[in-house]
Amino acid sequence: MKIRLALLLSLSLATAAHAEEDSVAEVWTAKCKSCHGPDGRAQTQMGKKEAIVDMSQPAWQQAQTDADIREAIADGSPRNKKMKAYKDKLTPQQIDALVAYIRGMKKG
Ligand code: HEC
């Protein structure tokens with residue numbers, strides 16, 4: 001009986017974690033992919049036109065702190081108005097999830 005309960009619990013936890021993953025991927029797809037591409041490599045029309053950085057590059061990943069990434073998403077880019085501030089459109093939790101999602105794009 002105890003084992004069954006533990007199994008049920010871990011199953012529902014796994015489902016919850018998965019739902020979280022889906023929702024950040026959905027946010028990325030809905031709000032970021034058009035410019036940054038599905039994988040953050042910015043191989044899009046906008047990405048090429050605006051020379052958006054390839055977020056999968058280890059060098060870029062290393063040069064950014066989580067705070068840098070969070071700030072770019074929350075406040076937009078001071079260098080390029082195409083990168084808008086998302087702090088009024090996304091919750092702090094969603095922005096944190098996006099930072100982690102972008103970290104996951106690192107190659108290799
Ligand atoms: C309309 C196009 C567009 C959309 C949509 C967009 N971005 Fe951007 N983003 C840009 C551009 C252009 C830059 C480059 C800014 C610069 O050069 O300073 C940028 C830069 C960034 C950077 C900083 C990269 C660097 O230069 O170090 C991050 C992080 C980022 N975007 C995340 C996001 C996230 C997360 C979303 C979705 C919530 C998003 N962007 C949606 C156009 C866009």
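Residues numbered from 1 in each chain as written. Predicted model: local features only at pLDDT ≥ 70, side-chain atom pairs only at ≥ 80, totals over all residues. Heavy atoms only, no water.

When helices and strands are counted, the protein chain shows 6 helices and 0 strands. When burial is assessed residue by residue, the protein chain has 24% of its 108 residues classed as buried. Considering only contacts in the protein chain between residues 6 or more positions apart, those separated by 24 or more positions represent 48%. Of the roughly 7800 Å² of accessible surface on the protein chain, a fraction of 58% belongs to carbon and sulfur atoms. (Helix = DSSP H or I, 4+ residues; strand = E, 2+ residues; numbered from the N terminus. Buried < 20%, exposed > 50% of the residue type's maximum accessible area, 1.4 Å probe, protein only. Contact = heavy atoms within 4.5 Å. Areas by Shrake-Rupley, 256 points an atom, 1.4 Å probe, with all protein chains shown as cover.)

Now for helix α5 (residues 66–75). Within α5, burial applies to I69, I73 and A74. Down the axis of α5, the smallest arc covering the buried residues is 125°, so these residues share one side. Against α4 (58–63) and α6 (92–103) lie the buried residues of α5. (Arc of directions from axis to C-beta.)

With that settled, consider the site of the ligand. Neighbouring residues of the ligand: 24 residues in total, closest C32, C35, H36, S77 and M83. Between R79 and the ligand, the recorded distance is 2.9 Å, taken from a side-chain N or O atom to an oxygen atom. The set of elements that each furnish at least two residues to the shell around the ligand consists of α1 (2–31), α2 (33–36) and α5. Counted by class, the shell around the ligand contains 15 nonpolar, 5 polar and 4 charged residues. (Near = heavy atom within 4 Å. Polar contact = N/O pair within 3.5 Å; in protein donor to acceptor, adjacent residues only side chain to side chain. Nonpolar A, V, L, I, M, F, W, Y, C, P; charged D, E, K, R; others polar.)

This paragraph deals with unusual backbone geometry. Even without being glycine, A42 reaches a positive phi, approximately 60°. Its place among the elements puts A42 in the loop between α2 and α3 (45–49). The class of A42 is buried, set by a relative accessible area of 2%. At A51, a residue that is not glycine, the phi angle is positive and equals roughly 50°.

In this structure, H36 (NE2) and M83 (SD) serve as the protein donors to the iron atom of the ligand, at separations of 2.0 to 2.1 Å. Each of the 6 donor atoms bound to the iron atom of the ligand contributes to angles spanning 88 to 178°, and the resulting shape is octahedral. One end of the pair, H36, is in helix α2; the other, M83, is in the loop between α5 and α6, with 47 residues separating them in the sequence. Overall, the relative accessible area of 12% leaves H36 in the buried class. (Donors = N, O, S within 2.8 Å, 3.2 Å for Na, K, Ca; no water. Tetrahedral: all angles 85-135°; square planar, octahedral: opposite > 155°, others 65-115°.)

Looking at the secondary structure, you find S56 in the loop between α3 and α4. Within the structure, the side chain of S56 is placed 2.6 Å from the side chain of D54, a separation counted as a polar contact. Discounting residues that sit within four places of it in the chain, S56 has contacts with G40, R41, M105, K106 and K107.

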